[in-house]
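Observations on the model geometry
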Amino acid sequence: MNELSPGEKVYLRLEDVPFMHWGIITKYNFSQDKIRLIPRKKWDPLAAAPITLPDSSGKMIPIGKWKGHFSYISPIRGVRPGEGGKEGKPKDVFKEIIEGRDYAIFVTINNEKFDGAFSAEPLMFDIRDARAATIVNRYPSMVRVIDEDLEPQLKAKIEDKYTKIAHGINLVAFPVSEYYETFSEANVNSLTCLLNSMSNAIKISIEDARKKGYTLIPVYVFFNIGPLAGGTQPRLHAQVYLDLNQDGHGAFMENVLQAFDTMKENCHICSSRHDNRVVFENNTWIAWATSAPRRNFHVRIAPKRHVEKVTELDEGEMRGLSETLIKISKAMDRAGVARDRYVLIYSNPVGYNSFFHMFIDFVPFESIGGIEILDSVRVARITPEDVAVILRKALEVE
């Protein structure tokens, strides 16, 4: 295709959108043989239970929602781009999107809204002058747009007590003007632009979802860095899952919510100095080796201000977060920690009336044993205090 002229937009017709690309199901791309390919959210009957809340008399009443283990089952995820690059390296699909050579649905470009979270209009648009962008994931885990005439019949064939069509918005935020594969290679300005673009896209998505009647929205934000951590794209990027099923949340989130419920009089994050486990801090953030690590060299990061959600961070806190992520990443590099890592951002789910202080887990990839899959337990080989010493010494190199 010829190069686009400045500002030119080339749209993909709705009739030509392939089945489930960008989470779109229409009369044009659906056929009965694709029912098995529709994303499902399935709760494990042996690892999930109804959420109950007390009524006026103190009796615990089920509220029609679940807590426990669930899976998003989405075969479209299997066709995600991965192979195809030189010397076996995954192809950077973002480059073609940036240069206007592939279709995307842009929610934000830089910090500005470009399109709605439920848009069904993929387009090619040259954004090389931007710093960062957030798009709808082309190969999502959830249905985002579905024909109203199709949904009732599909629900009747798919849904049962533990299963429903998975509804939600999957976003991807990435740097545009600069290329880097890890936080260590990023600079504060570029990473802050990425985080701001992502945050604004989440705000837009929540606003659009509320207009459609969604009130309870768990928001999962994460980075998969490196192929062992599930990073199929080399360019550093954040992913966001906004779960619109309104049917509850996972077991770990339930544990977190219950833990914070006991802290209403004294927030642990606000009050604790983490003894001798602090790795790094600046004016707005503190990072420490967590006392019960999920993996060796697990570092937890939290804003010093009591903030519930990533979307509530101000500009100074976004910059402070960028600095912290870069510092921790470099320290782990120098300490010889595995370069495949997860960054997991925990926020109070939208619509939940829960006490919460947002936090981030920076977790290196590590092979684990049977006991660690059997239950929520980890066997660590190095004390958190020693982790802090090693990482602090690594930061002294700068």
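Note that the coordinates shown come from a computational prediction; the quantities given were computed from them, not determined experimentally.

**Concerning the environment of Pro-45**
- Mapped onto the fold, Pro-45 is located in strand 3 (residues 40-54).
- It is 9.3 Å that separates the C-alpha atoms of Pro-45 and Phe-70, two residues lying 25 residues apart in sequence.

**Let's talk about the side chain of Arg-138**
- Mapped onto the elements, Arg-138 comes out in the loop between strand 8 (132-136) and strand 9 (145-146).
- Leave out the neighbours within four places in its chain, and Arg-138 touches Met-20, His-21, Trp-22, Asp-102 and Tyr-103.

**What about the sheet that holds strand 14 (residues 248-250)?**
- Read across the sheet, four strands follow the order 10-3-4-14 without closing on themselves; strand pairing throughout is mixed. Two strands close off the open sheet at either side, each with one partner strand: strand 10 (163-165) and strand 14. Strand after strand, the sheet turns through a mean of 50° between neighbouring axes, direction not considered.
- Sheet topology note: the strand 3/strand 4 (residues 60-73) ladder contains 10 bridges and is antiparallel. Residue pairing in the sheet places Leu-53 in a bridge with Ile-61 of strand 4.

**Here's the deal with unusual backbone geometry**
- Even without being a glycine, Asn-110 presents a positive backbone phi close to 55°.
- Residues other than glycine seldom take positive phi values, yet Gln-246 does so here, at roughly 50°.
- The topology assignment puts Gln-246 in the loop between strand 13 (238-243) and strand 14.
- Looking at Gln-246, the relative accessible area reads 23%, which means it is partly exposed.

**Considering a nonpolar patch on the surface**
- Together, Ile-371, Leu-374, Val-377 and Val-379 line one region of the surface with nonpolar side chains, adding up to about 370 Å² of accessible area.
- Taking relative accessible area as the criterion, Leu-374 reaches 69% and is therefore assigned exposed.

**Looking at the sheet that holds strand 12 (residues 219-225)**
- Sheet architecture is open: 11 strands sit in the order 6-5-8-11-13-12-18-19-17-16-15, paired in antiparallel fashion. Since the sheet does not close on itself, it has two edges, and those belong to strand 6 (112-113) and strand 15 (278-281), each with one partner.
- The strands that helix 8 (residues 384-395) touches are strand 15, strand 16 (285-289) and strand 17 (299-303); relative to strand 15, the one it contacts most, it runs at about 40°.

**Topic: the state of the cysteines**
- Applying the stated criterion across every chain, the model contains zero disulfides.
- Of all cysteine sulfurs in the structure, the one in Cys-267 sits closest to Cys-270, which takes part in no disulfide; the separation is 3.7 Å.
- Look at Cys-270 and you get partly exposed, because its relative accessible area is 42%.

**Description of the side chain of Thr-26**
- Position of Thr-26 relative to the elements: it lies in the loop between strand 2 (24-25) and strand 3.
- In this structure Thr-26 comes out as buried when scored by relative accessible area, which is 2%.
- With residues near it in sequence (within four places) discarded, Thr-26 still touches Leu-14, Asp-147 and Leu-150.

**Let's talk about the pairing of strand 13**
- Among the six residues in strand 13, six count as buried, and that is most of the element.
- With burial as the criterion, each face of strand 13 is covered, one bearing Ala-238, Val-240 and Leu-242 and the other bearing Gln-239, Tyr-241 and Asp-243.
- Relative to strand 13, strand 12 runs antiparallel, the two sharing five bridges. Looking at the pairing, Phe-222 lines up with Gln-239 of strand 13.

**Remarks on the packing of aromatic side chains**
- Under the defined criterion, the tally for this structure stands at 17 aromatic pairs.
- Relative to Tyr-241, the ring of Phe-222 lies with its centre 5.4 Å away and its plane at 75°, an arrangement referred to as edge-to-face. Remark: Tyr-241 occurs in strand 13 and Phe-222 occurs in strand 12; sequence separation between them is 19 residues. Assigned by exposure class, Phe-222 and Tyr-241 land together as buried.
- Within the aromatic cluster, the residues linked to one another by ring pairs are Trp-43, Trp-66, Phe-70, Tyr-72, Tyr-162, Phe-222 and Tyr-241.

Definitions and limits used
- Residues numbered from 1 in each chain as written.
- Predicted model: local features only at pLDDT ≥ 70, side-chain atom pairs only at ≥ 80, totals over all residues.
- Heavy atoms only, no water.
- Helix = DSSP H or I, 4+ residues; strand = E, 2+ residues; numbered from the N terminus.
- Contact = heavy atoms within 4.5 Å.
- Pairing = 2+ DSSP bridges.
- Axes fitted to C-alpha atoms, helices over the stretch in contact; angles between N-to-C directions.
- Buried < 20%, exposed > 50% of the residue type's maximum accessible area, 1.4 Å probe, protein only.
- Patch = residues over 30% accessible without salt bridge, like charges linked within 9 Å, V, L, I, M, F, W, Y side chains within 5 Å.
- Areas by Shrake-Rupley, 256 points an atom, 1.4 Å probe, with all protein chains shown as cover.
- Salt bridge = Lys/Arg side-chain N within 4 Å of Asp/Glu carboxyl O.
- Disulfide = S-S within 2.5 Å.
- Phe/Tyr/Trp six-rings, centres within 6.5 Å; stacked < 30°, edge-to-face > 60°.

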